[in-house]
Structures are given as structure tokens and as C-alpha cells.
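Chain and residue survey
One-letter residues, chain by chain:
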Amino acid sequence: MAENFAQHSSISAADLDRLTREAQAEATPSTARIIWNEFKADRPALISLFVVVGFILFVMVGALFINTPKMMETNIVDYFNRPLTAGFPLGADAGGRSILLQLIVGSRNSIGIALGLTIISSTFGICWGLISGYFSGYVDWGMQRVYDFMMMLPMTMMIIVLVTIIPHYNAVTLTLIFSIFYWEGTSRLIRSRTLAESGKDYAAASLTSGTNRWKIIFRDIMPNISSLIIVDTTLSFAENIGVETGLSYLGFGLPSQTPSLGTMIANANDPNNITQYWWTWLPAALEIIILCLAISYIGQVLRRAADASQRQGTTD
Amino acid sequence: MSLIEIKDLKVHYPIRSGFWNRVTDSVKAVDGITFNIEAGETYGLVGESGSGKSTTGKSVVGLEKVTSGSILYQGKDITQRRNRQLLDYNRDVQMIFQDSLSSLNPRKRIEDIIAEPLRNFEHLTKDQEKLRVLQLLDIVGLDADALYKYPHQFSGGQRQRIGVARAVATNPKLIIADEPVSALDLSVQAQVLNFMKKIQRGFGISYLFISHDLGVVRHMCTNIAIMNRGRLVEVGTRDDIYNHPLHIYTKRLLAAIPDVNVSERAAHRAMRQRVEQIYQSQQHDYYDESGEAYPLVQVSPTHSVALPPKLAQQLLVQESEAQD
Ligand SMILES: Nc1ncnc2c1ncn2[C@@H]1O[C@H](COP(=O)(O)OP(=O)(O)O)[C@@H](O)[C@H]1O
Ligand SMILES: [Mg+2]
């Protein structure tokens, strides 16, 4: 059969190297290259990228050098130390504990939970949506009933109940509990795009080319909705920082001896703190706002990079 | 024995409605059609849009779940998925899609698109595979620099030729071409059709050529089936259909072929209006009470038409008198 093709084409094995090299010269740039070009074309996003990545690395590494139990010990002498006093660059709270150190460890905890939650819930939601959307019919019907049931549950109340009845929970169990309730939105979004995408002829063409259905889902359809996935995931990450912080703020997140951005903002519950001792809660609040803004900038660039028609960076 | 035998094929889509989401009705996209495709021939399937041509084509490549009927290939009914797998069916039967852009994955390079059937059905080394892809590109008249490009970097005609290259990759016996040139400019249409013909001659491939335009089909097909509302209304050789059409629907399709001759445009238009008028007034003779086409009756060894036998005979006599 190979001869059959050779007979109808002037190309033979001898030309293979030369033609491959010629084709390589004309090749379109790789995805990583395209994303990098997009960042370079958008100054605010580039700065955001450095800020977010730099900050996350800093708190992850920095927190390793901080002895948390010791840091969280009450120290009456340093009660509400003002910022920029000796040993307290950002001041101290009612327990005389350093705000700066709490901020580092708290950020590590909050961001860690948000990252874990985003990875688990987005992965699950994406798979659920892809499978449900591709295999229409009974599979889809069943999976959508599970989705409906989960949406029916009052989420915040369920989390509070679970957190209350589980005796010893930590960051990991908390992340897992959150994950149970945070994949649904993603799954619905992904499913609707998958429905549209799997109706396109390239999915049919892959099937007649003998490609296995699972491979079509994850290797053909998923890359085509990657811009949606990227945007949804970055936005979920920003939102998920709020999930843990919100619950900790209410007192149902991490225990109070474990610092988090939420427990720090909870300092603002006290009217005195709001006006007089602003340094106890303002840094954490500012940090959340800046992080969320920067992340959404990054998300926009990633979306542009994934969507050829919106690119601003020069590619050739 | 024919290459492929389609017997009383039906594809009905259920319409669900109501609180319980129960099946209340169905769309009869394909409603009992029978025809055979011989090795090496191009079989035309023609009808207006919505008549069920694509559904038929998709059933033949195994993309559609059929309601009833059978499609025999090498003596096996390939409407069953098991039989398709047993035969490596899609190695032998491939498809070219109407919309060249949506049929090529925008995320894949041309090399990966064309090599996809090769990777699944033939186990070639990396070099053999690349060589085959380059040869296929050459056969459809594209340069090697297409290899690492993406579909959106090509024109419609080039993309459709990439689709042809992918369909030919495993040297299949039958290719379903679902309106392969309908989306293309007139000048590009001829080019793509010529590549398809060249490939047919070189590789001995059969085509099931689907089109809504009898003009395009004329240069491609030896046998033609006219499809209307899920049924075949007339089947015959090229001569039967173009020179001795019996069913009013066929006549209407013939009248709808665009006229390239500018000077006779007015005459052509008048003729088209006349046919349309006859169609409107005599329609009820050609379809039964529920508006469906009659079963086919044979009027010559090659020619069948979906009419009550008496009417068919009468028309045949009229037709042969008119010829004299
Ligand atoms: N997935 C589907 N669900 C319901 N109806 C469909 C589906 N696909 C096609 N149809 C209907 O079946 C009929 C035939 O469609 P199709 O085979 O695409 O026609 P053609 O290719 O001749 O234009 C149309 O009336 C169309 O609306
Ligand atoms: Mg169609």
C-alpha cells in the first residue's frame, strides 16, 4: 500500500529531511511562546504576573521560617504596637502578635487552601462537564440529576454543619469539604460548551479516524474549550480566596489559632479596631483586593492567548 | 456483490416533550431507503436540504445510530458497533465533510490531522508516517510547509483538500463526500472535484457523493438517487435522471441547476417558473395522502421511480413519445 502512495506522489523518503526542515521554518509558534508574547504586550498583566507569582513564592517560602505556635503566643507587653516600631514593621494586634508574621503565615494558609480548592474542584467540574456533555443521553441525564441535587443543598449551611461535626479538622480536610460544594458551577459551564463543541464535525472526523471516545473528549474537545477553562479557573481561584476568608471571618473556617487572611480581617469586627487600630485588618484586606485584581488581569491575558482572534502580542 | 448494500434504512429522531420528557413524536430523517454502491463508482445522492442526505451519509460511515434496516459491508451489518470494530470498518470507509473549517480541529496541526487515521489504523514508524503525510499533501496539491500550520491559516479550498487527504490516508474503499464543494467558490469547486477524481482513478475508490445540486453531480456520478423527505423518489443512471426524469421532484431539481449561459438566462427562468407551476398543481399526484413518497417501482432495468405503477407507466410512455 505504501508503494501505492509513492506511485501517485513525487515525494520519496529521500526528500523527508529537507521537507521537514522547510516546514519547521514555516511553523507557527508554540503555545508557551504565544502566551509569553501576550504578557509582554500587556504591561499591567506582566506586572500582575510578577506580583502574584513573586508573592505566592515569598509567603510559601517565608512561612517555612516562622514558628507559628510561638508567633501566636499572647504577649501583653506589645499590645497594639503601632506599625514601624522595633520588631513590628506592621504593628501588633490585641494579643501583641506581629501582624507581618501573621500576614505571611495567613496568606500561605489562605492561598494554599484556595489553590487546593481550585485544583480539586475545577478538575472535577471540568471532567464532569466534559463527560456529561459529550455522552448525551442517559449518561448526561443521570449526571445532570446529581448536579441538580448538589445545587439544591444550601452550600454555606452544609459547610458550617460539616465543619462543626468534624472534631479535628485542618487545612486539608477543610479544602476537601469545600471541594464537595464548589465544582457544580464549573461543570455546568463546561457542559454547555462541550455540547456545542461535540456537535462540530471535527469530533465526528476523529471518531471516523478511529480515535477512542475518551481521547476525543480530553485531547480534541478539551483543548478547544481551553480558553473557557483558563478563564473559569483563574476566576475561580480569585473567588476561592474569598471562600475560605469569608468562612474564617465568620468563625467557621480555620481555627483561630491558625492565622488566615479571614481571621485577620475578622479583627475589623471590633469598632475600636476599625477606627483606632486600623493596622490590624487593613493589610489583609488590601492584600486580598490586590491579589484578586492581579489574578483577573492574568486571566484576561491567558484568555487572549488561547483565543487566536483576540491576540495583541505579535506572533510572527 | 456490491461494495456496500443499504437495505430499508430508517433513522428517526425522537421528539421529547412534556413533564416526563417522554417520546411524543419523531422526525423521520431517513425513512426506508435501499441502494447499493459498486466498487469504483461514484454514486450520487441528491435532494434539497433537509431531505436526509447527511443523515444517510453519517449512517453509512457509522456516525449515526440507525432506527432500523441494515448496511452490509463484506457480508456484515455495520450498523452494529461490534461489527464495525471487528472489520476496522473506518479504515475502509471514510468521510469528507461539508464545512471544511469545522471538520478540522482548530487546535491541531495539519500533520496531526492527516496522521490521525494512520496512527489508529496503521502502525507506521515516525518517518514512514511523516512521509505518508507529505505524500498525501502532495497528492492534493499542497506544499510541505503546510505540515506544521493550523487549519485557520488556509483558504476554504485548501482546507477541503486537507479533508480529502485525511479521508484518503488509509487508502479506503469508500469515501462519503457530504456536499464537499457546496461551501466553496465556483472556481475552487472544480479544482477540488478534479483532485477527487484524480484520486479516484489512482486508488480505485468509490464515492457516495452527496449534493443538493444536480449540476455538480453530473460530472461526477454514474448512478444517481434523488432523495426527498427521507425517501428515494427516483433512482437511475446519469442518462435516466438527466434525460428521462419521471418524478416531478427530479424535474424541479433539474430546473434549479444554475444556468451559466448569460444569453439564455431569461428563457431558463421562464422554464424554471413553468416547472414550479406544474410542481405546485400536480404535487398531490406524486405523493400519497400523508404527503410521503410512494414506494419505488422499476420502469427499466436501471431506472426506478416512486410512483403508483399505473402513473409510472403512463409517464414513461409520455416521456418516450416526447423523445421521438
Ligand atoms: N440530531 C438531530 N435531531 C433531530 N432532528 C435532526 C437531527 N439531525 C437531523 N435532523 C433532521 O433530519 C432531517 C434531515 O437532516 P439532514 O440529514 O441533515 O438533511 P440534509 O443533509 O439532506 O440537508 C432534517 O429535517 C433535520 O432537521
Ligand atoms: Mg446536509
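Thresholds, definitions, all that
- Residues numbered from 1 in each chain as written.
- Chains lettered and ligands numbered in written order.
- Predicted model: local features only at pLDDT ≥ 70, side-chain atom pairs only at ≥ 80, totals over all residues.
- Heavy atoms only, no water.
- Helix = DSSP H or I, 4+ residues; strand = E, 2+ residues; numbered from the N terminus.
- Rg over C-alpha atoms; globule rule 2.2 N^0.38 Å.
- Buried < 20%, exposed > 50% of the residue type's maximum accessible area, 1.4 Å probe, protein only.
- Contact = heavy atoms within 4.5 Å.
- Areas by Shrake-Rupley, 256 points an atom, 1.4 Å probe, with all protein chains shown as cover.
- Lys, Arg positive; Asp, Glu negative; His and termini not counted.
- Charge placed at Lys NZ, Arg CZ, Asp CG, Glu CD.
- pLDDT = per-residue confidence, 0-100.
- Patch = residues over 30% accessible without salt bridge, like charges linked within 9 Å, V, L, I, M, F, W, Y side chains within 5 Å.
- Salt bridge = Lys/Arg side-chain N within 4 Å of Asp/Glu carboxyl O.
- Core = buried A, V, L, I, M, F, W, Y, C linked by side-chain atoms within 4.5 Å.
- Buried area = accessible area lost by both parts, 1.4 Å probe.
- Near = heavy atom within 4 Å.
- Polar contact = N/O pair within 3.5 Å; in protein donor to acceptor, adjacent residues only side chain to side chain.
- Nonpolar A, V, L, I, M, F, W, Y, C, P; charged D, E, K, R; others polar.
- Phe/Tyr/Trp six-rings, centres within 6.5 Å; stacked < 30°, edge-to-face > 60°.
- Lys NZ or Arg CZ within 6 Å of the ring centre and 35° of its normal.
- Expected span 1.5 Å × (residues − 1).
- Arc of directions from axis to C-beta.
- 1 Å grid on protein atoms, 1.4 Å probe; cavity = no way out; pocket = protein on both sides within 12 Å on 5 of 7 lines; lining within 4 Å.
- Points joined across faces, edges and corners; volume = space filled by probe spheres on them.
- Pairing = 2+ DSSP bridges.

The helix and strand tally for chain A stands at 16 helices and zero strands. Relative to its length of 316 residues, chain A is extended, with a C-alpha radius of gyration of 25 Å against a globular reference of 20 Å. With respect to the principal axes defined by its C-alpha atoms, chain A has extents near 90 × 45 × 30 Å. Within chain A, buried positions represent 48% of all 316 residues. Long-range contacts, defined here as pairs at least 24 residues apart, represent 69% of the contacts in chain A between residues at least 6 apart. Accessible area of chain A: about 15800 Å², with a carbon and sulfur share of 65%. Across chain A, the centroid of the 20 positively charged side chains sits 1 Å from that of the 23 negatively charged ones.

Here the focus is the confidence of the model for chain B. Looking at chain B as a whole, its pLDDT mean stands at 90, while 99% of the residues score no less than 70. Scored as a complex, the prediction yields pTM 0.86 and ipTM 0.89.

Quick look at a nonpolar patch on the surface now. Residues and elements named next belong to chain A. A contiguous nonpolar surface patch, about 710 Å² in accessible area, is contributed by I47, V51, W278, L282, L286, I289, I290 and L293. Where the nonpolar patch is concerned, the elements lending two or more residues are α4 (43-64) and α16 (282-306). Element by element, the count of residues in the nonpolar patch is highest for α16, at five residues. Note that I290 resides in helix α16.

To continue, consider the nonpolar core. In terms of nonpolar packing, the biggest core is built from 72 residues, with M196(B), I199(B), F209(B), L214(B), I224(B) and I226(B) touching the most fellow members. A per-element tally of this core places helix α6 (residues 126-139) of chain B first, with six residues. In this view, L214(B) contacts V46(B), I224(B), I226(B), I241(B), Y242(B), T250(B), L253(B), L254(B) and I257(B); residues no more than four positions away in its chain are not counted. One finds A204(A), I6(B), I71(B) and L174(B) within the second-largest nonpolar core, a separate group that totals 32 residues.

Okay, the pattern of salt bridges next. Per the counting criterion, the structure on display carries 20 salt bridges over all chains. Residue E38(A) is joined to R304(A) by a salt bridge in which the shortest nitrogen-to-oxygen separation is 3.2 Å. Of this pair, E38(A) sits in helix α3 (residues 31-41) while R304(A) sits in helix α16, and the two are 266 residues apart along the sequence. Between E292(B) and R231(B) there is a salt bridge whose closest N-O contact spans 3.1 Å. Note that E292(B) is positioned in the loop between α12 (265-286) and β11 (297-298) and R231(B) in strand β10 (residues 231-237), a separation of 61 residues in sequence. If you follow the salt bridges from partner to partner, you end up with E38(A), D42(A) and R304(A) in one network.

If you look at the interface, chain A gives 36 residues, while chain B gives 43 residues. Roughly 3500 Å² of surface becomes buried between chain A and chain B when both sides are summed, with 57% attributable to carbon and sulfur atoms. At the junction of chain A and chain B, the tally comes to one salt bridge. In this structure, the salt-bridge partner of D220(A) is K108(B), at a minimum N-O distance of 2.8 Å. Sorting the residues of the side of chain A that touches chain B by element identifies α1 (2-8), α2 (16-26), α11 (201-208) and α12 (213-224) of chain A as the ones contributing at least two each.

So, about the environment of K28(B). Residues and elements named next belong to chain B. Its location among the elements puts K28 in strand β2 (residues 22-37). Taking C-alpha positions, K28 is 4.5 Å from H12, a pair spaced 16 residues apart along the chain. Every residue in contact with K28, bar those within four places of it in the chain, is listed here: V11, H12, G230 and E292.

Before going further, it helps to examine the site of ligand 1. Residue and element names in this part refer to chain B. The environment of ligand 1 is formed by Y13, A29, E48, S49, G50, S51, G52, K53, S54 and T55. Between ligand 1 and S54, the relevant distance is 2.6 Å, taken from an oxygen atom to a side-chain nitrogen or oxygen of the residue. When the free accessible area of ligand 1 is taken as 570 Å², the share hidden by the protein chains comes to 57%. At three residues, the largest contribution of residues to the shell around ligand 1 is made by helix α1 (residues 53-61). Here the residues of the shell around ligand 1 are counted per class, giving two nonpolar, six polar and two charged.

On to the packing of aromatic side chains. Tallied over the entire structure, the rule returns ten aromatic pairs over all chains. Note on F35(B) and Y43(B): the rings are 4.9 Å apart at their centroids and 15° apart in plane angle, and the pair reads as stacked. The residues F35(B) and Y43(B) share a single accessibility class, namely buried. Ring pairs connect the aromatic residues F124(A), W128(A) and W183(A), which therefore count as one cluster. Over the face of the ring belonging to W141(A) we find R145(A), whose NZ or CZ atom lies 5.3 Å from the ring centre. Taking the ring centre of Y279(B) as reference, the NZ or CZ of R252(B) above it sits at 4.1 Å.

Moving on, we come to helix α7 (residues 138-152) of chain A. All names here are of chain A. Here α7 spans 21 Å end to end across 15 residues, near enough to the 21 Å set by a 1.5 Å rise per residue. Of the residues making up α7, those classed as buried are D140, M143, Q144, Y147 and M150. With its buried residues spanning 115° around the axis, α7 presents them on a single face. Turned more than 90 degrees away from the buried face of α7 sit Y138, W141 and M152, all of them exposed. Close packing links the buried residues of α7 with α6 (99-134), α9 (171-181) and α10 (184-198).

Let us now look at the layout of surface pockets. Roughly 1100 Å³ of internal volume is contained in the largest pocket. Forming the walls of the largest pocket are 30 residues, and the residues nearest its centre are S136(A), R213(A), L63(B), E64(B) and K65(B). Considering only residue class, the lining of the largest pocket consists of 13 nonpolar, nine polar and eight charged.

Let us look at the pairing of strand β1 (residues 4-17) of chain B. Residues and elements named next belong to chain B. Note: β1 against strand β4 (residues 68-73), five bridges, orientation antiparallel. Across the sheet, residue E5 finds its bridge partner in β4, namely L72. Pairing geometry for β1 and β2, over twelve bridges, is antiparallel. Looking at the pairing, R16 lines up with V23 of β2. Linking two consecutive strands that pair antiparallel, namely β1 and β2, is a turn of four residues; a positive phi of about 85° is found at G18 within it.

What follows covers the sheet that holds strand β7 (residues 174-178) of chain B. All names here are of chain B. Reading across the sheet, the eight strands line up as β6-β7-β8-β3-β9-β10-β12-β11 and stay open at both edges, with mixed pairing between neighbours. Each edge of the sheet is formed by a strand with only one pairing partner; in this case those strands are β6 (93-96) and β11. Across four bridges, the pairing between strand β3 (residues 42-46) and strand β9 (residues 223-228) is parallel. Note that in β9 the partner of G44 across the bridge is I224.

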